[in-house]
Each structure stands twice: as structure tokens, then as C-alpha cells.
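Inside the fold
Now for the letters of each chain:
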Amino acid sequence: MTTPQGRPQRKQVLLRLDPAVYEALARWAGDELRSANAQIEFLLRRALSEAGRMPRDTGPIPRRGRPPADPSEPQ
């Protein structure tokens, strides 16, 4: 399934964590200006890459927030 922008839909998973682990992860994510979810994906991708298990067709981590301004549009 794809989004209206043509990108593949992201997979949703339920993850149960020890509360202390989640708190540490959330603090780390805040230090790096990421959400806890983005931090988990960042760490999983890094672990997959270091283990040589990152699928070849994996795209970059999607950018969050406001899209970049279109220079052709007047402001």
C-alpha cells in the first residue's frame, strides 16, 4: 500500500519496553532532537547496518516536520 504521495506506507508495530529503558531512550532522543520512535528506528537501522543485514532497497529515514520551502513559489 502507498501513501497519497506515492511512498510505501510505514509499518506499525507494538513494542513493549521496560519503563526505565524507555525513559533512557526518550532522554537520549530528546538530546538528539528526535522523537522516541525516530530514535528507535535510527538505532535499529544502525544495528542492521553494522551487522551487514540492512536490506539493499531500504530508503532513507523519512524527514519529519515542515517540508522545505519551494523556491519557485512567491512568499
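Residues numbered from 1 in each chain as written. Predicted model: local features only at pLDDT ≥ 70, side-chain atom pairs only at ≥ 80, totals over all residues. Heavy atoms only, no water.

The name given to the chain in an unreviewed UniProt entry is Toxin-antitoxin system HicB family antitoxin, and the organism recorded there is Streptomyces cinnabarinus.

**A closer look at the overall build of the chain**
Convention followed: Strands are runs of DSSP state E lasting at least two residues, helices are runs of H or I lasting at least four, and both sets are numbered from the N terminus onward. Exposure categories follow from relative accessible area, calculated using a 1.4 Å probe and restricted to protein chains: below 20% of the type maximum is buried, above 50% is exposed, and the middle band is partly exposed. Any two residues having at least one pair of non-hydrogen atoms within 4.5 Å are treated as being in contact. Under the convention used here, a 1.4 Å probe and the Shrake-Rupley method define accessible areas, while residue burial counts only the protein chains that appear.
Broken down by element type, the chain carries two helices and zero strands. The 75 residues of the chain split such that 9% are buried. Relative to all contacts within the chain whose residues are 6 or more apart in sequence, the contacts with residues 24 or more apart total 12%. When the accessible surface of the chain is totalled, it reaches about 7200 Å², and 54% of it is carbon and sulfur.

**Side note on helix 1 (residues 19-31)**
Put simply, the test is: Here, expected helix span is obtained from the residue count minus one, scaled by 1.5 Å. The definition of a polar contact used here is a pair of N or O atoms within 3.5 Å, where within protein one atom must be able to donate a hydrogen and the other to accept one, and adjacent residues in sequence count solely through side-chain atom pairs.
Here helix 1 is 13 residues long and its end C-alpha atoms lie 18 Å apart, about the 18 Å a rise of 1.5 Å per residue gives. Its side-chain oxygen 2.8 Å from the backbone nitrogen of A20, D18 forms the N-cap of helix 1. Phi for L33, located one or two positions after helix 1, is positive at around 55 degrees.

**Some details on the pattern of salt bridges**
For the record, the criterion: Whenever a carboxyl oxygen of Asp or Glu lies within 4 Å of a side-chain nitrogen of Lys or Arg, that contact is scored as a salt bridge.
Under the defined criterion, the tally for this structure stands at three salt bridges. E32 is the salt-bridge partner of R34, the closest N and O atoms lying 2.3 Å from each other. In this structure, E41 engages R45 in a salt bridge whose closest nitrogen and oxygen atoms are separated by 3.0 Å. Within this pair, E41 and its partner R45 are both found in helix 2 (residues 36-50), separated by four residues, close to a single helical turn.

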